[in-house]
Amino acid sequence: MQMVAVYSIKGGVGKTASAVNLAARASLAGHRVLLWDLDPQAATTFYLRNKPRVRGGGVEKLVKGKAALNKAVRDTPLDNLDLLPASFESRELDQLLEGRKSSRLRKVLKPLFEDYDLVILDCPPSISTLSGQVFSSVDVLLVPVVPTTLSLRTLEQLQNHLDREDIATPVWPFFTLVDKRRKMHMQTIEDFRQQWPAQLSSIIPNASVVERMGVEQAPLSSFAPRSAAAHAYRELWEEIERRL
Ligand SMILES: Nc1ncnc2c1ncn2[C@@H]1O[C@H](COP(=O)(O)OP(=O)(O)OP(=O)(O)O)[C@@H](O)[C@H]1O
Ligand SMILES: [Mg+2]
């Protein structure tokens, strides 16, 4: 089982849209995928038509390793894709993980290791105890970046933080919300290629069809499979799959 996180210090950069679309693509490619929603906003949970509720004992039992995981894990409308939902209570994760061994999140899923090929974490935008747990638990951090100065700055902050803490988890950035008509976006992407050799080269366009995921409550592959954004997420997934 491999574990990846869609993570950024910055909010609103497309983490959730990416987590859901990548999970859908991976499941369509035949992998058994578990998507874990760690964000109390529970947007991933909503996109996959589930209730914001952690069954089997809530997040506290989950962290303690005492949850009934078979009850906590829910079905989604997609074959091969299961969901570990978030609820508003997920805001307590930070506090509950305080003082725990750094890869507790990974340990929590141990009973499921045989059941899934891939676990994707959708993370809240913060740098905290929870994110520290994420960094130590996953095989790779997928970091959506909008081609703006501030977004690139938070990517550097992240890498500096990992270096300082001696965390060797690879960071694979990729661009989202890109407007190809904007010169500055394209110039930023071009400059970036030289600085971050580990970046993924697929580019997710800024496209209104992605916003429609909230109305459809489904990944792009389910309601707009021929759209440019769906195509971009497919390419991004294939690139990740080759590297994993
Ligand atoms: N490629 C895209 N094109 C257009 N809109 C997008 C795209 N990706 C995401 N959005 C929209 O931008 C908003 C933020 O996206 P999303 O929720 O995926 O970001 P996030 O990083 O998970 O945010 P948060 O930090 O709040 O968890 C949403 O309204 C979403 O529909
Ligand atoms: Mg989100």
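Residues numbered from 1 in each chain as written. Chains lettered and ligands numbered in written order. Predicted model: local features only at pLDDT ≥ 70, side-chain atom pairs only at ≥ 80, totals over all residues. Heavy atoms only, no water.

Section: the overall build of the chain
In step 1: Helix and strand counts for the chain come out as 13 helices and eight strands.
In step 2: Since a compact globule built from 244 residues should have a radius of gyration of about 18 Å, the 17 Å found for the chain is in line with a globular shape.
In step 3: Its C-alpha atoms give the chain principal-axis dimensions of roughly 50 × 45 × 30 Å.
In step 4: Out of the 244 residues belonging to the chain, those deemed buried represent 52%. (Helix = DSSP H or I, 4+ residues; strand = E, 2+ residues; numbered from the N terminus. Rg over C-alpha atoms; globule rule 2.2 N^0.38 Å. Buried < 20%, exposed > 50% of the residue type's maximum accessible area, 1.4 Å probe, protein only.)

So, the UniProt feature "domain: AAA" (unreviewed entry) in the chain
In step 1: As annotated in UniProt, the feature "domain: AAA" (unreviewed entry) corresponds to residues 1–163 in the numbering used here.
In step 2: Secondary structure within residues 1–163 divides into 39% helix and 17% strand; the distance between the first and last C-alpha atoms comes to 26 Å. (UniProt positions renumbered as here; feature names shortened; annotations may be inferred.)

Focus on the site of ligand 1
In step 1: Around ligand 1 lies a shell of 17 residues, among which Lys 15, Thr 16, Ala 17, Pro 205 and Ala 207 are the nearest.
In step 2: Contacts to ligand 1 include Gly 12, whose backbone N or O atom sits 2.9 Å from an oxygen atom.
In step 3: In this structure, an oxygen atom belonging to ligand 1 sits 3.0 Å away from a main-chain N or O atom of Val 13.
In step 4: Protein burial of ligand 1: of its 630 Å² of free accessible surface, 81% is covered by the chains.
In step 5: Elements that contribute at least two residues to the shell around ligand 1 include exactly α1 (15–28), β8 (203–205) and α10 (208–211).
In step 6: The element best represented in the shell around ligand 1 is α1, accounting for three residues.
In step 7: Within the shell around ligand 1, the residues separate by chemical class into eight nonpolar, six polar and three charged. (Near = heavy atom within 4 Å. Polar contact = N/O pair within 3.5 Å; in protein donor to acceptor, adjacent residues only side chain to side chain. Areas by Shrake-Rupley, 256 points an atom, 1.4 Å probe, with all protein chains shown as cover. Nonpolar A, V, L, I, M, F, W, Y, C, P; charged D, E, K, R; others polar.)

A word on the pairing of strand β7 (residues 171–178)
In step 1: With seven of its eight residues buried, β7 lies for the most part within the structure.
In step 2: As paired elements, strand β6 (residues 140–145) and β7 share five bridges and run parallel to each other. What sits directly across from Val 143, in β7, is Pro 173.
In step 3: The pairing of β7 with β8 spans two bridges and is parallel. Bridge pairing links Phe 175 to Ile 203 in β8. (Pairing = 2+ DSSP bridges.)

A look at the sheet that holds strand β5 (residues 118–122)
Working definition: the strands of a sheet are paired by backbone hydrogen bonds and lie parallel or antiparallel to each other.
In step 1: In space, the eight strands of this open sheet follow the order β3-β4-β2-β5-β1-β6-β7-β8, with mixed pairing throughout. Because the sheet does not close on itself, it has two edges, and the strands there are β3 (74–75) and β8.
In step 2: Note: strand β2 (residues 33–37) against β5, five bridges, orientation parallel. Each bridged residue has a counterpart across the sheet, and for Leu 35 the counterpart in β5 is Ile 120.
In step 3: Docked against the sheet, helix α9 (residues 183–195) engages β7 and β8, running at close to 170 degrees with respect to β7.
In step 4: Strands β5, β6, β7 and β8 of the sheet are contacted by helix α13 (residues 228–243), whose axis makes an angle of about 160 degrees with β8. (Contact = heavy atoms within 4.5 Å. Axes fitted to C-alpha atoms, helices over the stretch in contact; angles between N-to-C directions.)

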